[in-house]
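# Analysis of the macromolecular model
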Amino acid sequence: MADQTRTHQEMISLDSSQAHPKGRQMVKAATAVTAGGSLLVLSGLTLAGTVIALTVATPLLVIFSPVLVPAVITVTLIITGFLASGGFGIAAITAFSWLYRHMTGSGSDKIENARMKVGSRAQDTKFGQHNIGVHQQQAQHAS
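Under an unreviewed UniProt entry, the protein has the name Oleosin and belongs to Camelina sativa. Under the UniProt heading Sequence similarities (unreviewed entry), the note attached to the protein is "Belongs to the oleosin family."

So, in C-alpha cells, the structure goes:
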C-alpha cells in the first residue's frame, strides 16, 4: 500500500512540476527584470544626485574655504553617494547575471532540486504517521 501511495504521490508531483514550466520561468524572469531594472534606475538616480551635490558643493567650498567642517561633510556625502551608486549597480548586474544563468539553464537545476527536496520532506511529514506505521509493521514482519 505504501508503494502505491508513494507512486501516486510521485506522479502528482511530476504532473504539477511539468504542468507550467514556461509560466514559472516567465514569472521568475519578470521578477528578475523588475528587480534588476529598479536597482539600475536607483543606481542612476543616486549617481545623478551625487553629481548634482558635487556641483552645488564645489562653489560653496570655494566661498567658505576657511571652514573645513562643511568640506568634510561634503566629501563624506560624496563618497557615500558614489559607494551607494556602485552598490546598486553591482546589485543590478548580479540580478541580470542570475537571470541570464537561470534562462540558459546553468543555475536552475540546483534550485529545482532544492524545491523537490523541500516538497518531498513536506510530503514525508504530512504522510509520516502512515509511513511510520507501515515501516514498523515491515520491521516486525522481518524479525
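A few words now on the UniProt feature "transmembrane region" (unreviewed entry) in the protein. UniProt annotation of "transmembrane region" (unreviewed entry) refers to residues 32-65 and 71-100 when read in the numbering used here. Across residues 71-100, the secondary structure splits into 100% helix and 0% strand, with the terminal C-alpha atoms separated by 43 Å.

Another point: helix α2 (residues 21-63). Because an α-helix packs 3.6 residues into every turn, residues spaced three or four apart end up facing the same way. Here α2 is 43 residues long and its end C-alpha atoms lie 63 Å apart, about the 63 Å a rise of 1.5 Å per residue gives. At A57, α2 is deflected by roughly 25°, the largest bend along its length, and proline P59 occurs up to four residues later in sequence. Among the residues making up α2, those that are buried are A29, A32, G36, S43, T46, T50 and A57.

Residues I52, V56, L60, I63, F64, V67, V69, I73 and L77 make up a contiguous nonpolar surface patch of about 880 Å² in total accessible area. Elements supplying a minimum of two residues to the nonpolar patch: α2 and α3 (68-104). Looking at which element gives the most residues to the nonpolar patch, the answer is α2, with 4 residues. Residue I63 is classed as exposed on the basis of its relative accessible area of 60%.

With that out of the way, let us pick up the packing of α2 against α3. Contact geometry for α2 and α3: axes closest at 8 Å, N-to-C directions at 160°. Considering their axes alone, α2 and α3 lie roughly antiparallel with respect to each other. The chirality of how α2 crosses α3 is left-handed. Residues belonging to the contact of α2 with α3 are distributed by class as follows: 23 nonpolar, 10 polar and 1 charged.

Criteria and thresholds
Residues numbered from 1 in each chain as written. Predicted model: local features only at pLDDT ≥ 70, side-chain atom pairs only at ≥ 80, totals over all residues. Heavy atoms only, no water. UniProt positions renumbered as here; feature names shortened; annotations may be inferred. Helix = DSSP H or I, 4+ residues; strand = E, 2+ residues; numbered from the N terminus. Expected span 1.5 Å × (residues − 1). Bend = angle between axes of the 7 residues up to and from the residue. Buried < 20%, exposed > 50% of the residue type's maximum accessible area, 1.4 Å probe, protein only. Patch = residues over 30% accessible without salt bridge, like charges linked within 9 Å, V, L, I, M, F, W, Y side chains within 5 Å. Areas by Shrake-Rupley, 256 points an atom, 1.4 Å probe, with all protein chains shown as cover. Salt bridge = Lys/Arg side-chain N within 4 Å of Asp/Glu carboxyl O. Axes fitted to C-alpha atoms, helices over the stretch in contact; angles between N-to-C directions. Parallel < 35°, antiparallel > 145°, perpendicular 65-115°, else oblique. Left-handed = near helix turned anticlockwise from the far one by under 90°. Nonpolar A, V, L, I, M, F, W, Y, C, P; charged D, E, K, R; others polar.

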